[in-house]
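# Coordinates in review
Residue-level listing of the chains:
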Amino acid sequence: MLKNKVALVTGSTSGIGLAIAESLAQAGCHIMLNGFGEPSEVESLREGLSARYGVNVFHCPADVSQASEVSMMVKTAEELLGGVDILVNNAGIQHVAPVESFPAERWDSIIAVNLSSVFHGIQNVLPGMKSRGWGRIINVASIHGQVASPYKSAYVAAKHGVIGLTKTVALETAKSGITCNAICPGYVLTPLVENQIADTAKARGLSEQQVMDEVLLGAQPTGRFTDVEDLGAMAVFLCGSASRNITGSVQVMDGGYTAQ
Ligand code: NAD
């Protein structure tokens, strides 16, 4: 069913986005990658995906915090691949600090990358999806779209916003053959989490090992991280025919974190 569909995955040069792009390529989708990285490394990711799965893969280096670049990226995908059938809004950044000392420019950039980019991406792909009568929008939110943690004010605010936006778009597209859902991972060991361990240790007065054991894994009753491949499989499921009546939903994959 996904063979020859076109998927645009933001923030897919690393971590969860890369795994979702890989799973969609394996399912037969042509892929527009997006995200930052060393040009030679990005090129080898692009070539590798294309060669392994026999699909067309391009990379667009758009900075999704800029509305004009999101719009340009969607146009480029439409020109090169023939229209975006699947949009995965995954790009995200994090900053950990108490709210009184949270730098205002970090607040602005987290809201721009983690929330506003989702709005801009959706706005740009919907006309094409509606004209084809089929579309899948997956927003990678977080458990922090449902619950808060201290010192992550901008991230928690943005991710709660992503869930609200997901539900609104689902209602507006409910009769168009388009679904819009959110995936909420618990902790996944990607660069985004690795990079916040030191800051979290500082903010909470803990050692880095304590952050890993008590703050990250201690919060997940299964005591394990969520694997990126499992999130890729969830994205493929949400694009498949068995999920055609799932829209406006929040798919949690968090080892029981939010069940507590
Ligand atoms: P990551 O740091 O491994 O990857 C982030 C990706 O986003 C990279 O490809 C990076 O280049 C790209 N990116 C960052 N800023 C960008 C910008 N302005 N424009 C375009 N691309 C940009 O992080 P990850 O852990 O894979 O996170 C992916 C998503 O999953 C994020 O939205 C994050 O909030 C969410 N998430 C992660 C976890 C986790 O534990 N890792 C948990 C819940 C939700």
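All values derive from a computational prediction rather than experimental measurement.

This part covers the environment of S116. Inspection of the secondary structure puts S116 in helix 4 (residues 104–132). Given a relative accessible area of 28%, S116 falls into the partly exposed group. Taking the C-alpha atoms as reference points, S116 and S65, 51 residues apart in sequence, are found 7.3 Å from one another.

Bringing the site of the ligand into the picture now. By nearness alone, 30 residues border the ligand, and S14, N90, Y155, V188 and T190 come closest of all. A distance of 2.6 Å is found between an oxygen atom of the ligand and a side-chain nitrogen or oxygen belonging to S14. The protein chains hide 93% of the 820 Å² of surface that the ligand would expose on its own. For the shell around the ligand, the elements supplying multiple residues, two or more each, are helix 1 (15–26), helix 5 (153–172) and helix 6 (191–194). Considering each element in turn, the shell around the ligand owes the most residues, three residues, to helix 6.

Moving on: the state of the cysteines. Throughout the structure, instances matching the rule amount to zero disulfides. Its sulfur unpaired, C29 is 6.6 Å from the next cysteine sulfur, which belongs to C239. With relative accessibility at 0%, the residue C29 sits in the buried group. The thiol of C60 is unpaired, and the distance to the nearest cysteine sulfur, on C29, comes to 18 Å. Accessibility expressed as a relative area gives 4% for C60, which makes it buried.

Where helix 1 contacts helix 2 (residues 39–53), the two axes come as close as 9 Å, and the packing angle between them is 25 degrees. Compared by their axis directions, helix 1 and helix 2 come out roughly parallel. Crossing handedness for the pair helix 1 and helix 2: right-handed. Along its contact with helix 1, which presents L18, A21, E22, A25 and Q26, the element helix 2 presents L45, L49, R52 and Y53.

By size, the foremost hydrophobic cluster in this structure holds 31 residues, and its most contacted members are L8, V84, L87, I122, M129 and I137. Broken down by secondary-structure element, the contributors of at least two residues to this core are strand 1 (6–9), helix 3 (67–81), helix 4, helix 5 and strand 6 (178–185). Here this core gets six residues from one element, more than from any other, and that element is helix 4. Among the nonpolar cores identified, the runner-up in size contains 28 residues, and V9, L33, V57 and V188 belong to it.

With that settled, consider helix 9 (residues 228–239). Between its first and last C-alpha atoms helix 9 spans 17 Å; for twelve residues at 1.5 Å apiece the expected length is 16 Å, and the two agree. For helix 9, the secondary structure elements touched by its buried residues are helix 1, strand 4 (86–89), strand 5 (135–140), strand 6 and strand 7 (250–253).

The next thing to look at is the pattern of salt bridges. Applying the stated criterion across every chain yields a total of four salt bridges. Residues E22 and R52 are paired through a salt bridge, measuring 3.1 Å at the closest nitrogen-oxygen approach. Placement of E22 in helix 1 and of R52 in helix 2 is noted, with a sequence separation of 30 residues between them. Under the relative-accessibility criterion, E22 is labelled partly exposed at 23%. The residue R46 makes a salt bridge to E43 at a minimum N-O spacing of 2.9 Å. Taken as a pair, R46 and E43 lie in helix 2 at a separation of three residues, close to a single helical turn. Residue R46 is classed as partly exposed on the basis of its relative accessible area, which comes to 21%.

Cut-offs applied
Residues numbered from 1 in each chain as written. Predicted model: local features only at pLDDT ≥ 70, side-chain atom pairs only at ≥ 80, totals over all residues. Heavy atoms only, no water. Helix = DSSP H or I, 4+ residues; strand = E, 2+ residues; numbered from the N terminus. Buried < 20%, exposed > 50% of the residue type's maximum accessible area, 1.4 Å probe, protein only. Near = heavy atom within 4 Å. Polar contact = N/O pair within 3.5 Å; in protein donor to acceptor, adjacent residues only side chain to side chain. Areas by Shrake-Rupley, 256 points an atom, 1.4 Å probe, with all protein chains shown as cover. Disulfide = S-S within 2.5 Å. Axes fitted to C-alpha atoms, helices over the stretch in contact; angles between N-to-C directions. Parallel < 35°, antiparallel > 145°, perpendicular 65-115°, else oblique. Left-handed = near helix turned anticlockwise from the far one by under 90°. Contact = heavy atoms within 4.5 Å. Core = buried A, V, L, I, M, F, W, Y, C linked by side-chain atoms within 4.5 Å. Expected span 1.5 Å × (residues − 1). Salt bridge = Lys/Arg side-chain N within 4 Å of Asp/Glu carboxyl O.

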